[in-house]
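# Structural features, examined
The lines below spell out each chain.
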Amino acid sequence: MSIKPVTCYVAVCDVCGTAYGSDSDNECVVHSTTREASADLVHADPEWLVTTDGRVICLVGDPAHQAALDALMPPAPPAVCDGQFPLALDLGQAD
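Residues numbered from 1 in each chain as written. Predicted model: local features only at pLDDT ≥ 70, side-chain atom pairs only at ≥ 80, totals over all residues. Heavy atoms only, no water.

## Some points on the nonpolar core
Nonpolar side chains in soluble globular proteins generally cluster together in the buried interior. Where we set the bar: The definition of a nonpolar core used throughout is a set of buried Ala, Val, Leu, Ile, Met, Phe, Trp, Tyr and Cys residues joined through side-chain atoms within 4.5 Å. Three exposure classes are used, based on accessible area relative to the maximum for each residue type with a 1.4 Å probe and protein chains only: buried under 20%, partly exposed in between, and exposed over 50%. Helix numbering and strand numbering both begin at the N terminus, where a helix is a DSSP run of H or I of at least 4 residues and a strand a DSSP run of E of at least 2.
Among the nonpolar cores identified, the biggest contains eight residues, and these are Ala11, Cys13, Tyr20, Val42, Trp48, Val50, Val56 and Cys58. Every element with two or more residues in this core is listed here: strand S1 (48-50) and strand S2 (56-58).

## Considering the confidence of the model for the protein
What counts, and what does not: As a per-residue quantity, pLDDT reports the predictor's confidence and falls between 0 and 100.
Of the residues in the protein, 82% have a pLDDT of 70 or more, and the chain-wide mean is 83. The least confident element of the protein is helix H1 (residues 35-43), whose mean pLDDT is 89; the most confident is helix H2 (residues 63-72), at 94.

## Considerations on the packing of aromatic side chains
The criterion, for reference: Stacked, tilted and edge-to-face pairs are distinguished by plane angle, under 30 degrees for stacked and over 60 for edge-to-face with tilted covering the rest, among Phe, Tyr and Trp rings (Trp via its six-membered ring) whose centres lie within 6.5 Å.
Inspection of the entire model under this criterion finds one aromatic pair. With a centroid separation of 5.3 Å and an interplanar angle of 85 degrees, the aromatic rings of Tyr20 and Trp48 are classed as edge-to-face. With a gap of 28 residues between them, Tyr20 in the segment before H1 and Trp48 in strand S1 connect regions that are remote in the sequence. Judged by relative accessible area, which is 13%, Tyr20 ranks as buried.

## Comments concerning the environment of Tyr20
This is how the line gets drawn: Residue contacts follow a heavy-atom distance rule, with two residues in contact if any of their heavy atoms lie within 4.5 Å.
The sequence separation of Tyr20 and Val10 amounts to ten residues, and the corresponding C-alpha distance is 6.9 Å. In this structure Tyr20 touches Ala11, Val29, Val30, Leu41, Val42, Asp45 and Trp48, once residues within four positions along its chain are discounted.

Laid out in structure tokens, this is it:
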């Protein structure tokens, strides 16, 4: 029997480091033969997210993961209604 090195790819959450397919560090994870195959596996799972820039995020509901998801969102547009004057508030300044 020979022993040879084999390269495989495992998707890992960029926020917490959890490997795809495991609930703990002692559990076997899902291995793929290519980076693209690994991303495809994760992309098909509704509990995980693959961003357009290649980051992988598991959707755990904690502040760190929520901050990572919030960072992906564009800034909120200003709320302006037709004919509305912008408010200029000087709070805390006395004349």
